[in-house]
Amino acid sequence: MDGLLHDAMDLWRRSRRAIAFTGAGISVPSGIPDFRSPGGLWSHFDPQEVASIQALHANPTGVWEFLLEAVTMFTRAKPNPAHLALARLESCGKLGTLITQNIDGLHQAAGSKDVVEFHGGCQRFYCMRCKREYDPAAAARLTRNDIPWLCACGGLIRPEVVFFGETIPHEAMRRTGEAVSEADLVLIVGTSGEVAPANLIPRQVKADGGHVIEVNLGPTAFAGVSDVRFDAPAEVVLPALADLVCA
Ligand SMILES: [Zn+2]
C-alpha cells in the first residue's frame, strides 16, 4: 500500500482543489450494511413498497416500519476512522466539498462541514401537510406504537430523504455541479459507480484534466477512470492518506 499512498499523495500535492464522493461502503464498518447487501435493509424490505413516494401515501405504516429500523440503526452508529479522516482532510484545508449518497449523517457526526447529501438525510423531519419541522432526537425515541409518525395537525411526518420516485433536490444538484466544475481531484470512497451521479462525477473531473483516486473493495465501474486505486478498507487507507496529505 505504501507505493499507492505515495502516488495518491503526489496527485494530491499537485492538485488545487480536491473533493470527495462517498457511498454506502464507507459506513459498513460503522455497522450499517449496504441496503443492497445480505443483512441490509433491502434484504427484508422491498424498496418500492417502503421507500417510494407512492408507498408513503398509500402505506404510511409500512414505510414507517422501515424508517424506524433505519433511524434506529443510524442513531446507534458512530463515525469510523474513514469518516474521521475525511473530516480531518477538510479541517487541514486539503479537501473541499464532500458529496455523499449516504443518508446516515455520519460525515457530519465526524465533523465534516461542507457536505452535500445527494439523497437527503435522516436527521431532518417535517410534516408533509403544514411543513412544521420535527426534532430528529424525537424520531430516535419512536417505538412501533408511535408509527406512522403524525404531526399535531394530523399530517404525516417524513424525513428529508429522497424516496424512489422523487427527484434529487435542486440545491444538491447545484452544489454538486459547482463542486465538480471547480475540482481537479476527486476521491471516491465506498461506491462502485454503477448509478448516476457516481459514474459521472469522476468522468467529468477527468474530462477537465483532473485526477481520480479510488478507495473501494472489489471490482467497480471505475476501471480505466481511476489514476490511483486502493482495493483496501477505507478505514485503513484514509487515515494513512490524511496523515500524509495533512502533514
Ligand atoms: Zn403538520
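It should be emphasised that the depicted structure is a prediction, and the values quoted were computed from it without experimental measurement.

## A short note on the coordination of the zinc ion
Point 1. The coordination sphere of the zinc ion contains the protein donors C127 (SG), C130 (SG), C151 (SG) and C153 (SG), at a distance range of 2.2 to 2.3 Å.
Point 2. The coordination sphere of the zinc ion comprises four donor atoms, whose angles at the metal cover 103 to 119°; the geometry is tetrahedral.
Point 3. Sequence spacing of the donors to the zinc ion: C-x2-C-x20-C-x1-C. Remark: C151 occurs in the loop between α7 (136–140) and β6 (157–161) and C130 occurs in the loop between β4 (120–127) and β5 (133–134); sequence separation between them is 21 residues.

## Regarding the side chain of D104
Point 1. Residue position: D104 is located in the loop between β2 (98–100) and α6 (106–110).
Point 2. For the buried D104, which has no salt bridge, the nearest side chain bearing the opposite charge is R124, at an N-O separation of 11 Å.
Point 3. Excluding anything up to four places from it in sequence, D104 contacts S27, I32, F74 and Q123.

## Considering the state of the cysteines
Point 1. For the structure on display, the rule yields one disulfide.
Point 2. Disulfide pairing is shown between C92 and C246; the S-S distance is 2.1 Å. Linking C92 and C246, the disulfide has an S-S dihedral of approximately -70° and is accordingly described as left-handed. Of this pair, C92 sits in the loop between α5 (81–91) and β2 while C246 sits in helix α10 (residues 234–246), and the two are 154 residues apart along the sequence.
Point 3. C122 takes part in no disulfide bond, and the closest cysteine sulfur, belonging to C127, lies 17 Å away.
Point 4. Given a relative accessible area of 7%, C122 falls into the buried group.
Point 5. Residue classification places C127 among the buried positions, given a relative accessible area of 0%.

## Let's talk about unusual backbone geometry
Point 1. Looking along the chain, the bond that leaves I147 and enters P148 is cis, with omega of -5°.
Point 2. Turning to its location among the elements, P148 is positioned in the loop between α7 and β6.

## Notes on the environment of R88
Point 1. Along the chain, R88 falls in helix α5.
Point 2. Overall, the relative accessible area of 33% leaves R88 in the partly exposed class.
Point 3. For R88 and V115, which are 27 residues apart along the polypeptide, the C-alpha to C-alpha distance reads 13 Å.
Point 4. Setting aside chain neighbours within four positions, we find R88 in contact with P239, A242, D243 and C246.

## Concerning the side chain of N102
Point 1. Among the secondary structure elements, N102 is positioned in the loop between β2 and α6.
Point 2. Side-chain polar atoms of N102 contact the backbone oxygen of G23, separated by 3.1 Å.
Point 3. The contacts of N102, once residues within four sequence positions are left out, are T22, G23, A24, I26, S27, E117 and G120.

## A word on the domain arrangement of the protein chain
When the parts of a complex come together, some accessible area is lost, and that lost area is often used as the size of the interface.
Point 1. Examined at the domain level, the protein chain breaks down into domain 1 (1–32 + 79–119 + 168–247) and domain 2 (33–76 + 122–161).
Point 2. Its C-alpha centre places domain 1 at a distance of 28 Å from the equivalent point of domain 2.
Point 3. Of the residues lining the interface, nine residues belong to domain 1; the matching set on domain 2 comes to ten residues.
Point 4. Carbon and sulfur atoms make up 60% of the surface buried where domain 1 meets domain 2, a total of about 800 Å² over both sides.
Point 5. When residues of domain 1 are sorted by the area they lose upon contact with domain 2, I32, I103 and E117 head the list and together hold 58% of the total.
Point 6. There are one salt bridge connecting domain 1 and domain 2.
Point 7. Where E117 meets R124, a salt bridge forms, and the shortest distance between an N and an O atom there is 3.0 Å.
Point 8. In this assembly, domain 1 and domain 2 are joined by five residue pairs in polar contact (both at pLDDT 80 or more).
Point 9. Here the side of domain 1 that touches domain 2 is composed, by residue class, of four nonpolar, three polar and two charged.

Rules of the game
Residues numbered from 1 in each chain as written. Predicted model: local features only at pLDDT ≥ 70, side-chain atom pairs only at ≥ 80, totals over all residues. Heavy atoms only, no water. Donors = N, O, S within 2.8 Å, 3.2 Å for Na, K, Ca; no water. Tetrahedral: all angles 85-135°; square planar, octahedral: opposite > 155°, others 65-115°. Helix = DSSP H or I, 4+ residues; strand = E, 2+ residues; numbered from the N terminus. Buried < 20%, exposed > 50% of the residue type's maximum accessible area, 1.4 Å probe, protein only. Lys, Arg positive; Asp, Glu negative; His and termini not counted. Salt bridge = Lys/Arg side-chain N within 4 Å of Asp/Glu carboxyl O. Contact = heavy atoms within 4.5 Å. Disulfide = S-S within 2.5 Å. Polar contact = N/O pair within 3.5 Å; in protein donor to acceptor, adjacent residues only side chain to side chain. Domains from an automatic or database assignment. Buried area = accessible area lost by both parts, 1.4 Å probe. Nonpolar A, V, L, I, M, F, W, Y, C, P; charged D, E, K, R; others polar.

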